[in-house]
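Examining the three-dimensional arrangement
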Amino acid sequence: VYEAVQRFIHPPVIQAPMMLVAALIGLVANLGCAWVLKPSQAQSLNLRSAYLHVLADAVGSVSVIGAAGVIWVTGWYLADPIASLLVCAVILWGSWNLIRQSVNVLLEGTPAHINVVQVMRAMQEVAGVRRVHDVHIWTITSGMEAMSGHVVVDDLASSQAVLDRLSAVLSERFGLSHTTLQPEVEDMKPRHPAQ
């Protein structure tokens, strides 16, 4: 943005044919990289970031091609900084969701595709479960969510069978395979450290 503003104030002389050739080469290279990254970009935030980066570069190349065409035909040099500002807007717009997802992972927020209330309801439908509480679901890394919670059961002696059924439900319905569940009975009191 700073460079674009400087070029508005002092528009440089631009060699449009060379600018056009360089932008075409950049477009082909970035589309090739995007094609390679597309199948794997959903696997992690790092790959998604790289994919969005080359897409933004491809959009930048398209805008530079347009600006080079305008400069070549009309001699209007302000097309260059206008194209730069458009590229900045595209990068900011495309980066927002990625930044939001990254912050959610860092703050151990609940993943957007998981509804905690639905998870708790599904858990309470499992035979032997009286209720659940203190459920927390977060992302360890892209594609790997974790969950912890307390499960009030009818009988601690049969709690392992209940936990096995819960693990199966959580894995099959919600993709939660990394779970830590604390079984307890209704009359258990929470332990507090000595005062």
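Structure: above.
Sequence order as written defines the numbering, with residues in each chain counted from 1. Given that this is a predicted model, residues contribute local features only at a pLDDT of at least 70 and side-chain atom pairs are listed and counted only at 80 or more, while totals for whole chains, interfaces and linings are drawn from all residues. Heavy atoms from the whole structure form the basis of all side-chain values; hydrogens and water molecules are not counted.

1. Topic: the nonpolar core
- Note on terminology: a nonpolar core comprises buried Ala, Val, Leu, Ile, Met, Phe, Trp, Tyr and Cys residues joined through side-chain atoms within 4.5 Å. In this scheme, a residue with accessible area under 20% of its type's maximum is buried, one over 50% is exposed, and one in between is partly exposed, where area comes from a 1.4 Å probe on protein chains only. Residues Val119, Met123, Met147 and Leu166 are the most contacted members of the largest nonpolar core, which totals 21 residues.
- Labels follow the DSSP assignment, with helices taken as runs of H or I lasting at least four residues and strands as runs of E lasting at least two, numbered in each case from the N terminus. Going through the elements one at a time, α5 (116-124), β1 (129-141), β2 (144-153) and α6 (159-174) are the ones with two or more residues in this core.
- Looking at which element gives the most residues to this core, the answer is α6, with six residues.
- In what follows, a contact means two residues having at least one pair of non-hydrogen atoms within 4.5 Å. The residues contacting Met123, other than those within four sequence positions of it, are Val129, Val132, Met147, Val151, Leu166, Leu170 and Leu181.
- Grouped together as the second largest cluster of nonpolar side chains are nine residues, Ile14, Leu20, Ala67 and Ile71 included.

2. Considerations on unusual backbone geometry
- The phi angle at Asp134 is positive, at roughly 50°, despite the residue not being glycine.
- If you trace the backbone, Asp134 turns up in strand β1.

3. A short note on the side chain of Thr139
- With respect to the element layout, Thr139 can be found in strand β1.
- Looking at Thr139, the relative accessible area reads 9%, which means it is buried.
- Other than its neighbours up to four places away in sequence, Thr139 contacts Val105, Gly109, Pro111, Met144 and Glu145.

4. Some points on helix α4 (residues 79-106)
- Between the first and last residue of a helix there are one fewer steps than residues, each counted as 1.5 Å, and that sum is the expected span. Between its first and last C-alpha, α4 extends 40 Å over 28 residues, near the 40 Å set by a 1.5 Å rise per residue.
- What the bend at a residue measures is the angle between two axes, fitted to the seven residues ending there and to the seven starting there. Largest kink in α4: about 30°, centred on Ser95.
- Of all the positions in α4, only Ala79, Asp80, Pro81, Ala83, Ser84, Val87 and Leu98 are classed as buried.
- Here the buried face of α4 lies against α1 (2-9), α2 (16-37) and α3 (45-74).
- The first or second residue beyond α4 is Glu108, which carries a positive phi of 55°.

5. Brief notes about the pairing of β2
- Across the ten residues of β2, seven count as buried, placing the element largely inside the fold.
- Here a strand pair is declared whenever DSSP counts at least two bridges between the two strands. Note that β2 and strand β3 (residues 178-184) share seven bridges and pair parallel. Bridge pairing in β3 places Val152 opposite Glu184.
- Viewed with both strands pointing away, a crossover whose connecting path from the first strand over the helix to the second turns clockwise is right-handed. In this fold, the crossover linking β2 to β3 by way of α6 has right-handed handedness.

6. Notes on the pattern of salt bridges
- Salt bridges are defined by distance alone: a side-chain nitrogen of Lys or Arg within 4 Å of a carboxyl oxygen of Asp or Glu. Per the stated rule, a full pass over the model turns up three salt bridges.
- Measuring nitrogen to oxygen at the nearest pair gives 2.4 Å for the salt bridge that ties Asp80 to Arg7. One end of the pair, Asp80, is in helix α4; the other, Arg7, is in helix α1, with 73 residues separating them in the sequence.
- Residue class for Asp80 comes out buried when judged on its relative accessible area of 10%.
- Taking the shortest distance from any N to any O, the salt bridge between Arg130 and Asp154 comes out at 2.8 Å. With a gap of 24 residues between them, Arg130 in strand β1 and Asp154 in the loop between β2 and α6 connect regions that are remote in the sequence.
- Residue classification places Asp154 among the partly exposed residues on the basis of a relative accessible area of 48%.

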